[in-house]
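Inside the fold
Next come the chains, spelled out residue by residue.
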Amino acid sequence: MREEQRQRAVTALQAFLSTPFEEQLRRHQTTSPASAALALFHDVVAHVPAYRAFLTQHGISYNSIQTFEDFVNLPFITKNNYHSRYPLAELCRNGQLDMCDMIAVSSGSTGKPTFWPRFFTDELQIATRFEQIFHDSFYADNRRTLAVICFTLGTWVGGMYTTNCCRYLASKGYPITVVTPGNNKDEIFRVVQELSSAFEQVVLLGYPPFLKDVIDTGIARGVEWHRYQIKWVMAGEVFSEEWRSLVGERVGSNNPYYDSASLYGTADAGVLGNETPLSICIRRFFAENPDAARTLFGESRLPTLVQYDPISRFFEVYEETLLFSGDNGIPLLRYHISDHGGLIAYDAMLEFLAEWGFDPVAALQGGRGIHPLPFVYVFGRSNFTVSYFGANIYPENVMVGLEQPMVREWVTGKFVMQVKEDAELDRFLSVVVELAPTSEASEEKRDAIASSILSQLLRLNSEFANYVPKQYQVPLVELAPMGDPEYFPIGVKHRYTR
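The structure contained in this document is the topic of the report that follows.

1. Notes on the side chain of Gln 307
Turning to its location among the elements, Gln 307 is positioned in strand β9 (residues 304-307). Separated by 3.0 Å, the side chain of Gln 307 and the backbone oxygen of His 371 make a polar contact. Discounting chain neighbours no more than four positions away, the residues touching Gln 307 are Gly 273, Asn 274, Thr 276, Leu 278, Ser 279, Tyr 346, His 371, Leu 373, Pro 374 and Phe 375.

Structure (structure tokens):
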């Protein structure tokens, strides 16, 4: 028995249960985020063997890191240069894996699992992100709430993390009851229809395209969603505000600011930020005013826009990609996750919107969810992955499918992978493949290539195999001639994703 571990859990739980979450959100007003990041650094170098070895490898004396200016000059860490280089135990405090009580799994480009240990206390700090949504958006402090976990269960991070955090809110006194059908649609319909009469609202938590599939399939089966006061929590993918409105319409929602929220998270570190009524209000303004969005974000496409606690997760921007530092089972310092995005201070955001004649605080008419927290915006991974039903799909997986003996003579190996939406706003995986010079398109070839790609995705990418419902797994393949100007222009560096 480890008394230190027990005391750590007791102290953290008491703090979580007794601290009003509004007070928790105000920490950055009394504690400098920069000083908190520096303090985390000193704690990590004192207790994590792998990080000390990492600094030594880079010729850095950790005793020389005394100021925030020193901190921001530390080398980045990544999965490849840090997590994969050291034994799992040495990445944890005191070199002891058993000081963590749970391990989650994420899948990389080769399908080889990456393990992310965590302890009970790591989940408690993330539970505040869920509390922010359930309190501010859903008023779940005074409404009997059924939380239906529709994320994949098992070793995958989403389902178990979400389940645990929702249970912690119930322990804090929220009238929340959790049920875990996972991504089993029949079971989701059963628990909603049989249990909802005991609750004032039902919250579905899952990946955006899967939740829409659940809702659409339910309508086809006669599920009367409007009877259940449906709210929904999403994670894993960027979606349009038109998509949010459509889903809201189908479940009978009439308040887009307060009926849904999205989480920005990773398997590496849990939830990094979350949508708030304020951020949703702002994002919907940008959706209707693309010139304003282009001016602020530098692109015409609309990113995910969330607020974050800079004491819990300290963000930096490097060449338009995000770094973060945060405490976990494996503490991470200046961790580069290759997400393309940026940061905007709270006051700077309101000042920018005022210049465009919009006041989101006034638009919310005194409702909850207005906190002076900074914003982070995310376009997605910059390393050429696409996100589909929450699974990161890598070009390498598709490449292997095109290299199989049955199809490799037909193609050049180039392709463009993207997630598209049909007229019903259902998503599908599109793969445009460049044909070899002597090859001509045919339905037989399209089917064979789609089958080969699918077989390799299922073999190599365990997230794809577990997250994506079977009816959405087969990619829609289009065959284009060599040098096609839209997808394969000659003389231009090829990009495998859009």
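2. What about empty space enclosed by the protein?
To find leftover empty space, a probe the size of one water molecule is rolled over the atoms. Counted by the stated rule, this structure contains 1 cavity of 30 Å³ or more. Estimated volume of the largest cavity: approximately 80 Å³. Around the largest cavity sit 13 residues that line it, and Pro 117, Arg 118, Ala 267, Asp 268 and Ala 269 are the ones nearest its centre. Of the residues forming the lining of the largest cavity, the biggest block, 3 residues, is contributed by strand β2 (residues 113-118). Residue classes in the lining of the largest cavity are distributed as 7 nonpolar, 3 polar and 3 charged.

3. With respect to the pattern of salt bridges
One pass over the full model with this rule turns up 27 salt bridges. The partner of Arg 250 in a salt bridge is Asp 216, and the shortest N-O contact between them spans 2.8 Å. Linking Arg 250 in helix α12 (residues 241-251) with Asp 216 in helix α11 (residues 208-220), this pair joins segments that are 34 residues apart in sequence. Exposure remark for Arg 250: the relative accessible area of 24% places this residue in the partly exposed category. Residues participating in the shared-partner salt-bridge network are Lys 212, Asp 216, Arg 250, Glu 424 and Asp 426.

4. Some details on the packing of aromatic side chains
Here the structure, examined in full by the defined rule, presents 33 aromatic pairs. Relative to Tyr 82, the ring of Phe 54 has its centre 5.6 Å away and its plane inclined at 80 degrees; by these criteria the two rings are edge-to-face. A residue pair is termed long-range when its members are at least 10 positions apart, and Phe 54 in helix α5 (residues 49-57) and Tyr 82 in helix α7 (residues 79-83) qualify at 28 residues. Given the relative accessible area of 1%, Tyr 82 is considered buried. Arranged with centres 4.9 Å apart and planes meeting at 85 degrees, the rings of Phe 151 and Tyr 207 form a pair that is edge-to-face.

5. Brief notes about unusual backbone geometry
The backbone of Glu 320 shows a phi angle near 65 degrees, a positive value even though the residue is not glycine. Within the element layout of this structure, Glu 320 appears in the loop between β10 (313-318) and β11 (321-326). Its identity is not glycine, yet Phe 389 carries a phi of approximately 50 degrees, on the positive side. Relative to the elements of secondary structure, Phe 389 occurs in the loop between β14 (386-388) and β15 (391-393).

6. Notes on the sheet that holds strand β18 (residues 476-480)
Ordered by their spatial adjacency, 3 strands build an open sheet running β16-β17-β18, and the pairing between neighbours is mixed. Across the chains shown, the open sheet's two edge strands, defined by having one partner strand only, are β16 (411-421) and β18. Along the sheet, successive strands turn relative to each other by an average axial angle of 25 degrees, direction set aside. When β16 meets strand β17 (residues 427-435), the two strands line up antiparallel, connected through 8 bridges.

7. Description of helix α9 (residues 157-172)
The end-to-end C-alpha separation of α9 is 23 Å, in line with the 22 Å expected for 16 residues at 1.5 Å each. Here α9 has its buried residues at Val 157, Gly 158, Gly 159, Tyr 161, Thr 162, Thr 163, Asn 164, Cys 165, Cys 166, Tyr 168, Leu 169 and Lys 172.

8. Overview of the layout of surface pockets
Put simply, the second largest pocket is a space of about 820 Å³. Forming the walls of the second largest pocket are 39 residues, and the residues nearest its centre are Ala 12, Thr 121, Asp 122, Gln 125 and Asp 327. Broken down by secondary-structure element, the contributors of at least two residues to the lining of the second largest pocket are α1 (3-18), α2 (21-25), α4 (33-47), α8 (120-137), β10 and β11. Here the lining of the second largest pocket is built from residues that sort into 16 nonpolar, 13 polar and 10 charged.

9. A few points about the environment of Val 10
One can find Val 10 in helix α1. Judged by relative accessible area, Val 10 falls into the partly exposed class, the value being 29%. Spatially, the C-alpha atom of Val 10 lies 53 Å from that of Ala 450, the residues being 440 residues apart in sequence.

10. A short note on the pairing of β17
Most of β17 is tucked away, with 8 of its 9 residues classed as buried. Counted between consecutive antiparallel strands, the loop separating β16 from β17 contains 5 residues, among which Leu 425 sits at a positive phi close to 65 degrees. Here β17 runs beside β18; their pairing, made up of 5 bridges, is parallel. Bridge assignment links Glu 434 to a residue of β18, and that residue is Ala 480.

11. Observations regarding the nonpolar core
As a rule of thumb, soluble globular proteins bury nonpolar side chains together. One finds Tyr 51, Phe 130, Phe 134, Val 148, Leu 204, Leu 205 and Trp 225 to be the most contacted residues of the largest nonpolar core, which totals 127 residues. If one sorts the elements of this core by residue count, α8 sits on top with 7 residues. Those residues within four positions of Trp 225 in sequence are excluded, and the remaining contacts are Phe 189, Val 192, Leu 204, Val 214, Ile 215, Gly 218, Ile 219, Ile 230, Arg 250 and Val 251. Phe 285, Ala 292, Phe 352 and Phe 375 belong to the second-largest nonpolar core, a separate cluster that totals 21 residues.

Definitions and cut-offs
- Residues numbered from 1 in each chain as written.
- Predicted model: local features only at pLDDT ≥ 70, side-chain atom pairs only at ≥ 80, totals over all residues.
- Heavy atoms only, no water.
- Helix = DSSP H or I, 4+ residues; strand = E, 2+ residues; numbered from the N terminus.
- Polar contact = N/O pair within 3.5 Å; in protein donor to acceptor, adjacent residues only side chain to side chain.
- Contact = heavy atoms within 4.5 Å.
- 1 Å grid on protein atoms, 1.4 Å probe; cavity = no way out; pocket = protein on both sides within 12 Å on 5 of 7 lines; lining within 4 Å.
- Points joined across faces, edges and corners; volume = space filled by probe spheres on them.
- Nonpolar A, V, L, I, M, F, W, Y, C, P; charged D, E, K, R; others polar.
- Salt bridge = Lys/Arg side-chain N within 4 Å of Asp/Glu carboxyl O.
- Buried < 20%, exposed > 50% of the residue type's maximum accessible area, 1.4 Å probe, protein only.
- Phe/Tyr/Trp six-rings, centres within 6.5 Å; stacked < 30°, edge-to-face > 60°.
- Pairing = 2+ DSSP bridges.
- Axes fitted to C-alpha atoms, helices over the stretch in contact; angles between N-to-C directions.
- Expected span 1.5 Å × (residues − 1).
- Core = buried A, V, L, I, M, F, W, Y, C linked by side-chain atoms within 4.5 Å.

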